[in-house]
Structure formats: structure tokens, C-alpha cells
Amino acid sequence: MSYLLLFASAFLAATILPFYSEVVLFAMIRAGEPAGLLLAVAAVGNTLGSVVNWVLGRYLLHFQHKKWFYFKPEQIEKMQAWFQRYGVWSLLLAWMPVGGDPLTLVAGIMRVNLWLFIVLVGIGKTLRYVAVIYFSEMSVAWF
């Protein structure tokens, strides 16, 4: 059950919803759960959550002429220009707390190949969780 909670928290943390999976991950490390399994569950959940953003971005522009549409055309143009400037490799930074989730949305708008998206986002997010686990285990050893 706790692994499902970790997966769900990692998944939700990658969407545009404000959620933090690191708290759940840290608690599970403190409980002595195996780091490798925690890494796999968190990384897969977080990467799949980013795929939701990619899908939303992929079909978002179909609704740009609706009154309820959230983004202004200037905002979309600015996001697209930024993404074109820095390119697909910027997806390695999708793990960042600020800007990472919108980046995955823009990747969908820009129609980045889904498999390339999954690989790049997955690498970045996995490395972030490696760092979180490493520092969490260090803190457990200190206390």
C-alpha cells in the first residue's frame, strides 16, 4: 500500500497540481524500505505524471479560441520561442520545482516525440530521485 502511495504522490507531483513526493519518499526511506525499489516506483510515477502534461499540451491548442481558454496567444508564443531556443534537451530539467511542469506541457504543444520525451524526462527525474534518496539516507545515518 505504501508503494502505491509513493507512486500516486510522484505521479501527482509531476502534473500541474501542487504536490510533493519527496516527503513520502523520505518517510519510506526512514522506515527502511529498499532504496532501489523506491527509486523505481517514484521515477516511473513521476515520469508518467509528466506524460499527462505532454498529452494535455499536445491537444491544448485545439481549445485556444474558446473563451475559457487559460493562456493568451502571446503566452503560448513566448513558451514556444523559449522551447525552440533551448531545444528538446531542456527536458532533462523537467525535474525542477519551478518551471519543470510547464516545460512538459510545452513539449506536448511543440509535438516532441513521445518516446524521446519519456527518455529525457525519465533520465532527469530519475537522477533527481537518486539525489533525494542519497541525501535522505545520509540524514538517516546522522540521526
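Fair warning: this is a prediction, and the values are worked out from it, not measured in the lab.

Student: Could you give me a rundown of the pattern of salt bridges, with the residues and numbers involved?
Tutor: Under the criterion given, the structure shown has 1 salt bridge. Between Arg-128 and Glu-22 there is a salt bridge, with its nearest N and O atoms 2.9 Å apart. Note that Arg-128 is positioned in helix 6 (residues 114–142) and Glu-22 in helix 2 (residues 21–30), a separation of 106 residues in sequence. Accessibility expressed as a relative area gives 13% for Arg-128, which makes it buried.

Student: A description of the UniProt feature "domain: VTT" (unreviewed entry) in the protein should follow, citing residues and the corresponding values.
Tutor: The UniProt record annotates "domain: VTT" (unreviewed entry) at residues 22–136. Along residues 22–136 one finds 71% helix and 0% strand; the C-alpha atoms at either end are 9 Å apart.

Student: Can you lay out the side chain of Ser-136 for me, pointing to particular residues and giving the numbers?
Tutor: Tracing the backbone through its elements, the reader meets Ser-136 in helix 6. For Ser-136, a relative accessible area of 7% puts it in the buried group. Polar side-chain contacts of Ser-136 include one of 2.7 Å to the backbone oxygen of Val-132. Those residues within four positions of Ser-136 in sequence are excluded, and the remaining contacts are Phe-26 and Ile-29.

Student: Give me the UniProt feature "transmembrane region" (unreviewed entry) in the protein: which residues, what numbers.
Tutor: Residues annotated in UniProt with the feature "transmembrane region" (unreviewed entry) correspond here to residues 37–61, 82–100 and 112–135. Across residues 82–100, helical content stands at 32% and strand content at 0%; the span's end C-alpha atoms are separated by 13 Å. Across residues 112–135, the secondary structure splits into 92% helix and 0% strand, with the terminal C-alpha atoms separated by 33 Å.

Student: With reference to specific residues and values, describe the environment of Trp-95.
Tutor: In this structure, Trp-95 sits in the loop between helix 4 (73–86) and helix 5 (100–109). On the accessibility criterion, Trp-95 (32% relative accessible area) is partly exposed. Sequence spacing of Trp-95 and Asn-46 is 49 residues, and the spatial spacing of their C-alpha atoms is 8.9 Å. Apart from the residues within four sequence positions on either side, Trp-95 is in contact with Gly-124, Lys-125 and Arg-128. Of note is the side chain of Trp-95, whose polar atom sits 3.3 Å from the backbone oxygen of Leu-92.

Student: Help me get a handle on the environment of Thr-126, residues and values and all.
Tutor: Note on placement: Thr-126 falls in helix 6. Here the alpha-carbon distance between Thr-126 and Ala-43, two residues 83 residues apart in the chain, equals 5.1 Å. Residue contacts for Thr-126: discarding those within four places in its chain leaves Leu-39 and Ala-43.

Rules behind the numbers
- Residues numbered from 1 in each chain as written.
- Predicted model: local features only at pLDDT ≥ 70, side-chain atom pairs only at ≥ 80, totals over all residues.
- Heavy atoms only, no water.
- Salt bridge = Lys/Arg side-chain N within 4 Å of Asp/Glu carboxyl O.
- Helix = DSSP H or I, 4+ residues; strand = E, 2+ residues; numbered from the N terminus.
- Buried < 20%, exposed > 50% of the residue type's maximum accessible area, 1.4 Å probe, protein only.
- UniProt positions renumbered as here; feature names shortened; annotations may be inferred.
- Polar contact = N/O pair within 3.5 Å; in protein donor to acceptor, adjacent residues only side chain to side chain.
- Contact = heavy atoms within 4.5 Å.

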